[in-house]
Amino acid sequence: MLLDLAPKRCKKDFYNFEEELKQLHKFYLSSRVITVLGPRRVGKTSLILTFLNEWNVPHIFIDCRRVSLSSYGVSFRSFVEEFSRALNEFISRYRGRAGKFLEYLRNVRGVEIDLTVAQVSLKWSRRERVDIITILEKLNRFAYEEGLRVALVLDELQELQPINIDFTKLIAYTYDHLTNIVVILSGSQVGLLYDMLRVDDPTSPLYGRAIAEVRINRLSREESVDLLLRGFKEVGEDVSKEVVENAVNVLDGIVGWLIYFGWNYIHGVKTLDEVLDIAARQEAEEVKRFLTRSRSERRYRAILKAIAEGRCRWSEVKKSLEILEGVEIDDKNFNELLKKLIKAGFIEKVNGEYRISDTVMTRAILKYL
Ligand SMILES: Nc1ncnc2c1ncn2[C@@H]1O[C@H](COP(=O)(O)OP(=O)(O)OP(=O)(O)O)[C@@H](O)[C@H]1O
Ligand SMILES: [Mg+2]
């Protein structure tokens, strides 16, 4: 069903993006590291899951956002727990052949195997901490023996920045030595993801290694209308063209918000304003998470507010911040703050002016931040 909130896994529920799917498939066959990039809610996770499912690709899918939302916080422990979960899913899918993989994992430090249910549990405590690279080496060996090309997906990797694991090194090692594993990374905070990978830094382990990129963009106006009309038709909901067009006018071609609107509409939330409000509250949480992790929370908040209120020129934004703080702010420091907000995908610079990346985000900042 098109109007469903879970990430899509089948082509029949996945509107358009045929080209991106094909591109991802081509890169999967020919590249070692792939990034799937695009603004929030444009369907990155759905693209990856649909690809893995439709092409029957063996994979380990790690949801890094889930790691960062874990009750243990972003930590080695929460990462290892998510990694265990993903590994067990992989093992379950390969039930027939998994015995061999479990065999490879025997006697590996920090790995406990329960043969009765064919599942593993990875240890995170300092005393018996598992070594992620060793697990990947075993996985690669298994993949090699079985003639598989396993996709290791790290969805929203930038969320794991605070963890004490050198992902750049881990990915570079996989790139160079584990040739039956393909790494797929996704990120809505594109700049932060690339900062984390330090691809342009000659001292980075990933420097000089080719990274294939799949970019997902927003839908055009016509596509947005078509998506909603199809979605409503599929569930037999009679909706006027006017309702659809009003929604499309404010939802900026972002698949996730269009679907969100359609889903709410068929579940009784009929006014666009209400839907925008629920969506905005969710987005505000995402911004807050970013802010509480940064050292300049107050300043970022002030910048976002100023831009959301329509002060879009560099000098206007800076002035708002200076009035708030009562002191002059150094240009260089100020530019760093702007740059970081762009990298995190909250603001964009268009024709020399700053703006919030979409309507839902603007409302989130104005009302709930
Ligand atoms: N091509 C598509 N056709 C139909 N629905 C889609 C499509 N892509 C995404 N969706 C829907 O949009 C919403 C967001 O999708 P998804 O989680 O895949 O996006 P995302 O870019 O990974 O989002 P985030 O930035 O939050 O990680 C979900 O409800 C999903 O079902
Ligand atoms: Mg996603």
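Criteria and thresholds
- Residues numbered from 1 in each chain as written.
- Chains lettered and ligands numbered in written order.
- Predicted model: local features only at pLDDT ≥ 70, side-chain atom pairs only at ≥ 80, totals over all residues.
- Heavy atoms only, no water.
- Salt bridge = Lys/Arg side-chain N within 4 Å of Asp/Glu carboxyl O.
- Helix = DSSP H or I, 4+ residues; strand = E, 2+ residues; numbered from the N terminus.
- Buried < 20%, exposed > 50% of the residue type's maximum accessible area, 1.4 Å probe, protein only.
- Near = heavy atom within 4 Å.
- Polar contact = N/O pair within 3.5 Å; in protein donor to acceptor, adjacent residues only side chain to side chain.
- Areas by Shrake-Rupley, 256 points an atom, 1.4 Å probe, with all protein chains shown as cover.
- Nonpolar A, V, L, I, M, F, W, Y, C, P; charged D, E, K, R; others polar.
- Domains from an automatic or database assignment.
- Pairing = 2+ DSSP bridges.
- Phe/Tyr/Trp six-rings, centres within 6.5 Å; stacked < 30°, edge-to-face > 60°.
- Lys NZ or Arg CZ within 6 Å of the ring centre and 35° of its normal.
- Contact = heavy atoms within 4.5 Å.
- Buried area = accessible area lost by both parts, 1.4 Å probe.
- Core = buried A, V, L, I, M, F, W, Y, C linked by side-chain atoms within 4.5 Å.
- Axes fitted to C-alpha atoms, helices over the stretch in contact; angles between N-to-C directions.
- Parallel < 35°, antiparallel > 145°, perpendicular 65-115°, else oblique.
- Arc of directions from axis to C-beta.

Moving on: the pattern of salt bridges. All chains considered together, the criterion is met by 39 salt bridges. E82 is the partner of R66 in a salt bridge, and the nearest nitrogen-oxygen pair spans 3.1 Å. In this pair, R66 is assigned in helix α3 (residues 64–69) and E82 in helix α4 (residues 76–93), connecting sequence segments 16 residues apart. By relative accessible area, which is 41% here, R66 ends up partly exposed.

This part covers the site of ligand 1. Ligand 1 sits among 23 residues. The nearest are L5, A6, Y15, K44 and S46. Within the side chain of R41, an N or O atom sits 2.9 Å from an oxygen atom of ligand 1. Calculation on ligand 1 without its partners gives an accessible area of 630 Å², and the protein chains cover 97% of this total. Among the elements of the structure, α2 (44–54) and α11 (255–266) are those that each provide at least two residues to the shell around ligand 1. Residue composition of the shell around ligand 1, by class: ten nonpolar, five polar and eight charged. Here the shell around ligand 1 spans two domains, since at least three of its residues come from each of domain 1 (17–96 + 131–215) and domain 2 (221–279).

Pairing of strand β8 (residues 347–350) with strand β9 (residues 353–356), which is carried by four bridges, proceeds in the antiparallel orientation. Paired with K349 across the two strands is Y354, which belongs to β9. Once β8 ends, the chain turns through two residues before running back antiparallel as β9, passing N351 with a positive phi of about 45 degrees.

Enumeration over the complete set of coordinates arrives at 15 aromatic pairs. Relative to Y265, the ring of F232 lies with its centre 5.5 Å away and its plane at 65 degrees, an arrangement referred to as edge-to-face. Here the residue F232 occupies a position in helix α9 (residues 221–234), and Y265 occupies one in helix α11, the gap between them amounting to 33 residues. Take F232 and Y265: they sit in the same class, and that class is buried. Here the aromatic rings of W257 and Y260 are separated by 5.7 Å at their centres, their planes lie at 80 degrees, and the arrangement is edge-to-face. In this pair, W257 and Y260 both sit in helix α11, three residues apart, roughly one turn of the helix. Residue W257 is classed as buried on the basis of its relative accessible area of 2%. Each residue in the set F90, Y94, F101 and F142 is aromatic and connected to the rest through ring pairs, giving one cluster. Between the NZ or CZ atom of R77 and the centre of the ring of Y72, over which it lies, the distance is 3.6 Å.

Attention shifts here to the domain arrangement of the protein. One can read the domain layout of the protein as domain 1 (17–96 + 131–215), domain 2 (221–279) and domain 3 (295–368). The gap between the C-alpha centroids of domain 1 and domain 2 is 32 Å. Listed per partner, the contact involves four residues of domain 1 and four residues of domain 2. Interface area, domain 1 with domain 2, both sides summed: about 330 Å², of which 69% is carbon and sulfur.

When you line up the elements, S31 lands in the loop between α1 (18–30) and β1 (33–37). Leaving out residues up to four positions away in the same chain, S31 has contacts with R149, V182 and A212.

Attention now goes to the nonpolar core. Membership of the largest hydrophobic core comes to 55 residues, with the highest contact counts inside it found for I60, F79 and L157. For this core, the element with the most residues is α4, which contributes eight residues. Dropping the residues within four chain positions of it, L157 is found in contact with C64, F167, I171, L185, S186, L193, M196 and L197.

Closest axis-to-axis distance for the helix α13 (residues 297–308)/helix α15 (residues 331–343) pair is 11 Å, and the angle between their directions is 70 degrees. One finds that α13 runs roughly perpendicular with respect to α15. Where α13 approaches α15, its residues R299, Y300, I303 and L304 are matched on the opposing element by F334, L337, L338, K340 and L341. Per-class residue counts for the contact of α13 with α15 are seven nonpolar, no polar and two charged.

The next point concerns unusual backbone geometry. For residues besides glycine, phi is generally negative; the peptide bonds are generally trans as well. The backbone of R41 shows a phi angle near 65 degrees, a positive value even though the residue is not glycine. Its relative accessible area of 35% is what places R41 among the partly exposed residues. Positive phi, normally seen in glycine, also occurs at D252, with a value near 55 degrees. By the secondary structure assignment, D252 is in the loop between α10 (241–250) and α11. A relative accessible area of 30% means that D252 is categorised as partly exposed.

All of the buried residues along helix α5 (residues 95–105) are A98, F101, L102, Y104 and L105. When α5 is viewed along its axis, its buried side chains cluster within an angular range of 145 degrees and face the same direction. Positioned one or two residues after α5, N107 has a phi angle of 65 degrees, which is positive.

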